[in-house]
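Architecture at a glance
Each chain is listed here by its residues.
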Amino acid sequence: GNSVTQMEGPVTLSEEAFLTINCTYTATGYPSLFWYVQYPGEGLQLLLKATKADDKGSNKGFEATYRKETTSFHLEKGSVQVSDSAVYFCALTTNAGGTSYGKLTFGQGTILTVHP
Amino acid sequence: DVKVTQSSRYLVKRTGEKVFLECVQDMDHENMFWYRQDPGLGLRLIYFSYDVKMKEKGDIPEGYSVSREKKERFSLILESASTNQTSMYLCASREASGSGTDTQYFGPGTRLTVL
């Protein structure tokens, strides 16, 4: 079956620090990979995604590269802001056999807090 | 922009009550999903629907049922609420498989407390 493992949090950083949140996965078939973000009191929003090996997803200064050889999709940002404080979820979907209907498998989430 | 709305942001119910959580999407999406979110566990899929009146169990369907009578609306039903169903419930929708896009769009969530 599919599974996603994220680095344990919470993560606390000072503003302008470098951020890495690790994500590794196991999957049957050939997955698409996602990072979703949940700001306080809100639902999940898609942050970025990658659909094939070596693709780099990017948005709002965040980046993640689909690494098939290490089955990883680590999230990075060079300089975090207070407004980046949120919960970050790594997720994958596969369409093996065309019957998955796009079901997402999520990691457990990483809480990020950025202090001024 | 895709919009997914949920009927309540906060709900408090008593053990044994029947609870209805409603979700509506405005983008004519075929697939709709119900997840619950618990600290340390991420999101877990309860049920999903790939068409009107069609449904499939997710990873944790016990104690829940669903209804999809119209394409835009997907309801989650707790037949007899229990305290271990206290959680955040998130609805999502996406286009049909094979459409070329696999992004799910989420509602704001309903925080349910069962006393």
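These lines cover the structure that appears in this document, whether it is placed above or below.

**Points about the pairing of strand β5 (residues 42–51) of chain B**
Residues and elements named next belong to chain B. Within β5, seven of the 10 residues are buried, which leaves it mostly tucked inside the rest of the structure. Where strand β4 (residues 31–38) lies against β5, seven bridges are found, and the strand directions are antiparallel. What sits directly across from Trp34, in β5, is Tyr47. Between β4 and β5, which follow one another and run antiparallel, lie three residues, and Gly40 among them has a positive phi close to 80°. As paired strands, β5 and strand β6 (residues 54–57) are joined by three bridges and run antiparallel to one another. Across the sheet, the residue bridging to Tyr47 is Lys57, located in β6. Where β5 folds back onto β6 in an antiparallel hairpin, the turn is made up of two residues, including Lys53, whose phi is positive at roughly 65°.

**Topic: the sheet that holds strand β7 (residues 56–59) of chain A**
Residue and element names in this part refer to chain A. Strand order in the open sheet formed by four strands is β3-β9-β8-β7, with antiparallel pairing between adjacent strands. Strands at the two margins of the open sheet, each flanked by one partner only, are β3 (19–21) and β7. Averaged over all adjacent pairs, the angle separating strand axes in this sheet is 15°, with direction ignored. With three bridges connecting them, strand β8 (residues 62–65) and strand β9 (residues 75–77) associate as antiparallel partners.

**Description of the environment of Gly41(A)**
All names here are of chain A. Within the secondary structure, Gly41 sits in the loop between β5 (32–38) and β6 (44–50). By relative accessible area, Gly41 is classed as exposed at 54%. Between the C-alpha atoms of Gly41 and His115, which are 74 residues apart in sequence, the distance is 19 Å.

Criteria and cut-off values
- Residues numbered from 1 in each chain as written.
- Chains lettered and ligands numbered in written order.
- Predicted model: local features only at pLDDT ≥ 70, side-chain atom pairs only at ≥ 80, totals over all residues.
- Heavy atoms only, no water.
- Buried < 20%, exposed > 50% of the residue type's maximum accessible area, 1.4 Å probe, protein only.
- Helix = DSSP H or I, 4+ residues; strand = E, 2+ residues; numbered from the N terminus.
- Pairing = 2+ DSSP bridges.
- Axes fitted to C-alpha atoms, helices over the stretch in contact; angles between N-to-C directions.

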